[in-house]
Amino acid sequence: MTEQPRIHPVILCGGGGTRLWPRSRADRPKPFLPLTGERTLFQQALGRCSGEGFAAPIVVAGTAHVPLVREQAGDVHIIAEPAGRNTAPAIALAALSLPADAVMLVCPSDHHIADEDAFRRAAFAAARLAADGWLVSFGITPDRPETGYGYLRHGEPLGPGAMAIARFVEKPDAATARQFLEDGGYSWNGGIFALRAGTYLDELARHRPALADQARSAFERGGEADGVFRPDPAAFTAIEGESIDYAVMENADRVAMVPVAMGWSDIGSWQALRDVRVADGGACQAKHQRIDCSGVMIESDGPRVSVVGLDDVIVVVDGDEVLVTRASASQSVGKLAGAAGK
């Protein structure tokens, strides 16, 4: 394995976070909210990808969110997408802006990671694999039979703390998820990747040649001003969006994973946020009162909220919007976001 390469963080700020409505809205979505501490999720992502061994980050965000990136991160290099086209094209733009041998660490901007030291150790291990031409995914050590994530089946060892990926597994049903947990040979696919820029572009061209050509055209016809690179809008919007998993990872030959337990959550629902906050010492961020309750989380930007005699319930007050949901049903909250205000 090669010596430790310098890591180029690529922070992806796509997605609307609709399952955290009404706190997360189109004008200030989930990454830009302080949901698990004083810093926003985006600021936390930048912080754990900085310091020795890391280059300056590249932030890929929608045009509408460039002011939020500037507000929260200052003078960082931004690639502004004119439209969301999923992760494969977004990562291609970042790769095209770097030398072919640059090792990218692709991170979503809206995840929670409790153990940042474990994250960094995994990042450096993954970067060494990526420098050798592997496409590397972080494999999150599962602690429950989760049905909301894809899984990675462990393959042959590639050295200490690294292994090939035998196969990618779609989100399982509950019985299959329990089997995976008992088996011990599966990890969650956390959506964090280490990739050599040139290797990624080669694999994208091999498996999705039209997408690769369109992304390159959008990049070459784009331009930069005031630290913001803007791909050609017409060329980029014409891309048929696809995730890196479907476009590249599931088709490439040299795919690997670094298993890691780091207190990870994608904060994909109010229930997930409640569980993170409970682990950190408290579920409620509001003036509140709970009597004879268990598993109740309260979030309010003003009014005092009182809950009596309820279990597994989440209450959110944001401006003139109020949400009350069973925690176990909170994955459906995204269905409300589009209808809000109608």
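This text follows the structure it describes.
Computed from a prediction, not measured in an experiment: that's the story for all the values here. (Residues numbered from 1 in each chain as written. Predicted model: local features only at pLDDT ≥ 70, side-chain atom pairs only at ≥ 80, totals over all residues. Heavy atoms only, no water.)

Could you give an account of the overall build of the protein chain, with specific residues and numbers?
Looking only at helices and strands, the protein chain has 11 helices and 18 strands in total. Since a compact globule built from 342 residues should have a radius of gyration of about 20 Å, the 20 Å found for the protein chain is in line with a globular shape. Split into buried and exposed, the 342 residues of the protein chain put 52% on the buried side. For the protein chain, contacts bridging at least 24 residues in sequence account for 67% of all contacts bridging at least 6. Charge-centre separation for the protein chain: the mean point of 33 positive side chains lies 3 Å from the mean point of 43 negative side chains. (Helix = DSSP H or I, 4+ residues; strand = E, 2+ residues; numbered from the N terminus. Rg over C-alpha atoms; globule rule 2.2 N^0.38 Å. Buried < 20%, exposed > 50% of the residue type's maximum accessible area, 1.4 Å probe, protein only. Contact = heavy atoms within 4.5 Å. Lys, Arg positive; Asp, Glu negative; His and termini not counted. Charge placed at Lys NZ, Arg CZ, Asp CG, Glu CD.)

Let's hear about the pattern of salt bridges: which residues, and what values?
Counting across every chain of the model gives 15 salt bridges. Glu 299 is the salt-bridge partner of Arg 23, the closest N and O atoms lying 2.7 Å from each other. Residue Arg 23 is found in the loop between strand E1 (7-13) and helix H1 (41-48), and its partner Glu 299 is found in strand E15 (residues 297-300); the two are separated by 276 residues along the sequence. Exposure class is identical for Arg 23 and Glu 299. Each is buried. The residue Arg 23 makes a salt bridge to Asp 318 at a minimum N-O spacing of 3.8 Å. Of this pair, Arg 23 sits in the loop between E1 and H1 while Asp 318 is found in strand E17 (residues 313-318), placing the two residues 295 residues apart along the sequence. Both residues of the pair, Arg 23 and Asp 318, count as buried. (Salt bridge = Lys/Arg side-chain N within 4 Å of Asp/Glu carboxyl O.)

Provide a residue-level description of the packing of aromatic side chains, including the pertinent values.
Under the criterion given, the structure shown has nine aromatic pairs. Relative to Trp 264, the ring of Tyr 149 lies with its centre 5.0 Å away and its plane at 65°, an arrangement referred to as edge-to-face. With Tyr 149 in the loop between strand E6 (135-140) and strand E7 (151-159) and Trp 264 in strand E13 (residues 264-265), this pair connects stretches of sequence that are 115 residues apart. Among the aromatic residues, those joined into a cluster by ring pairs are Tyr 149, Trp 188 and Trp 264. Note that Arg 48 overlies the ring of Phe 119, its terminal NZ or CZ placed 5.8 Å from the centroid. (Phe/Tyr/Trp six-rings, centres within 6.5 Å; stacked < 30°, edge-to-face > 60°. Lys NZ or Arg CZ within 6 Å of the ring centre and 35° of its normal.)

Lay out the sheet that holds E17 in plain terms, naming residues and giving numbers.
Pairing within the open sheet is mixed, and its three strands lie in the order E15-E17-E18. Looking at strand neighbours, the two that pair on one side only are E15 and strand E18 (321-326), the edges of this open sheet. The average angle at which neighbouring strand axes cross in this sheet is 5°, direction not considered. (Pairing = 2+ DSSP bridges. Axes fitted to C-alpha atoms, helices over the stretch in contact; angles between N-to-C directions.)

How would you summarise the packing of helix H6 (residues 197-207) against helix H7 (residues 209-220) if you had to cite specific residues and measurements?
It is the contact of H6 with H7, at a shortest axis distance of 5 Å, that shows an interaxial angle of 130°. Taken together, the axes of H6 and H7 lie oblique to each other. Within the contact between the two elements, H6 uses Leu 201, Leu 204, Ala 205, Arg 206 and His 207 and H7 uses Pro 209, Leu 211, Ala 212 and Arg 216. For the contact of H6 with H7, the residue count by class is six nonpolar, one polar and two charged. (Parallel < 35°, antiparallel > 145°, perpendicular 65-115°, else oblique. Nonpolar A, V, L, I, M, F, W, Y, C, P; charged D, E, K, R; others polar.)

Please give an account of the environment of Pro 233 that cites residues and values.
Its location among the elements puts Pro 233 in helix H8 (residues 233-237). Among the residues examined, Pro 233 registers a relative accessible area of 47% and is labelled partly exposed. Expressed as a C-alpha distance, the spacing of Pro 233 and Thr 87, which sit 146 residues apart in the sequence, is 17 Å.

Could you give an account of the pairing of E17, with specific residues and numbers?
For a regular strand, side chains alternate in direction, first toward one face of the sheet and then toward the other. E17 sits mainly inside the fold: six of its six residues count as buried. When E15 meets E17, the two strands line up parallel, connected through four bridges. Bridging from a neighbouring strand, Met 297 pairs with Ile 314 of E17. Pairing analysis gives six bridges linking E17 to E18, with the strands arranged antiparallel. Considered in E18, the bridge of Val 313 is made with Arg 326.

Would you mind going over the packing of H1 against helix H2 (residues 66-73) in detail, with residue names and values included?
Helices that pack against each other are described as a pair by the angle of their axes relative to one another and the distance between those axes. Running from amino to carboxyl end, H1 crosses H2 at an angle of 60°, the nearest separation of the two axes being 10 Å. When the interaxial angle is binned, H1 and H2 end up oblique. Seen from above, H1 lies across H2 with right-handed handedness. Here Phe 42, Gln 43 and Leu 46 of H1 lie close against H2, whose contacting residues are Val 69, Gln 72 and Ala 73. Of the residues belonging to the contact of H1 with H2, the class tally is four nonpolar, two polar and no charged. (Left-handed = near helix turned anticlockwise from the far one by under 90°.)

Give me the pairing of E1: which residues, what numbers.
Here E1 lies mainly inside the structure; seven of its seven residues are buried. With burial as the criterion, each face of E1 is covered, one bearing Ile 7, Pro 9, Ile 11 and Cys 13 and the other bearing His 8, Val 10 and Leu 12. As paired elements, E1 and strand E4 (residues 103-108) share six bridges and run parallel to each other. Bridge assignment links His 8 to a residue of E4, and that residue is Met 104. Pairing between E1 and strand E2 (residues 58-62): four bridges, direction parallel.

Which residues make up the side chain of Arg 85, and what values go with them?
Considering the arrangement of structural elements, one finds Arg 85 in the loop between strand E3 (77-81) and helix H3 (87-96). Although Arg 85 is buried, it makes no salt bridge; Glu 81 carries the closest opposite charge, 8.2 Å away. Side-chain polar atoms of Arg 85 contact the backbone oxygen of Ile 239, separated by 3.0 Å. Excluding residues that lie within four positions of it along the chain, Arg 85 makes contacts with Phe 236, Thr 237, Ile 239, Gly 241 and Glu 242. (Polar contact = N/O pair within 3.5 Å; in protein donor to acceptor, adjacent residues only side chain to side chain.)

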